[in-house]
Amino acid sequence: MAPNINPFILFFASIFTSNILLANFLGMCSFISISKDITSSNGLGMAVTMVMTITTALNWIVYNKIIVPLGLEYLRYIIFIIVIAAVVQILEMLIDRLSPNLYMSLGIFLPLITVNCAILGVSLFMQLRYYTFIQSIFYGLGSGLGWWLAIMALAAIRKRVDKSPNVPAALKGPGLTLIIIGIMAMAFIGFSGMLNVQ
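Residues numbered from 1 in each chain as written. Predicted model: local features only at pLDDT ≥ 70, side-chain atom pairs only at ≥ 80, totals over all residues. Heavy atoms only, no water.

(A) Spotlight on the state of the cysteines. If you walk through the whole model with that rule in mind, you get zero disulfides. With no disulfide of its own, Cys29 has Cys117 as its nearest cysteine by sulfur position, at a separation of 8.9 Å. Classification of Cys117 as partly exposed rests on a relative accessible area of 39%. (Disulfide = S-S within 2.5 Å. Buried < 20%, exposed > 50% of the residue type's maximum accessible area, 1.4 Å probe, protein only.)

Take a look at the structure:
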């Protein structure tokens, strides 16, 4: 039974209060690796948002119109990943044609969107929470925008911190990045009482 949640509330909640990255910590690998550069972060954020929105909608259709009627619920993980891989492959070819510089800057992380657990997680949450098709689209788009917002914020903070002479040498690099992510997650927790997606 689908929850009675307004799609717009679901959209804003998935960006802020239930950010897929900062509330559930899904999709951290490419988040940490690519966030060194603002341009690459922006490109990957756009790509993840596009893939997340499209695959959530497609996976809703596949799950409700093919998997459930055929009694193949036990195959949903594999089928969801196949849909995600196909969309990423098409997106990768488009980015290679339209923006070779972005394609080169994203490097290995573009095909790795296929195994980004945030994208699979959104599809699974959509299915486990019984969202309608419209709710699923808003949830996928909001989760993608939330991921994009988080990676852009981290990239901007890292760029500023890397140039600061006040950062101790022992903290530079991964140590400070993890501290920043923890502080960002705590900041997003401040929104948690406002909207809820479950």
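(B) Summary view of the environment of Met28. Secondary-structure assignment places Met28 in helix α2 (residues 28-34). Along the backbone, Met28 and Gln135 are 107 residues apart, and their C-alpha atoms lie at a distance of 25 Å. Aside from chain neighbours lying at most four places away, what touches Met28 is Leu21 and Ile181. (Helix = DSSP H or I, 4+ residues; strand = E, 2+ residues; numbered from the N terminus. Contact = heavy atoms within 4.5 Å.)

(C) Expanded view of the environment of Leu94. Position of Leu94 among the secondary structure elements: in helix α4 (residues 76-98). Judged by relative accessible area, Leu94 falls into the partly exposed class, the value being 46%. As for Leu94 and Ala156, which are separated by 62 residues in sequence, their C-alpha atoms are 27 Å apart.

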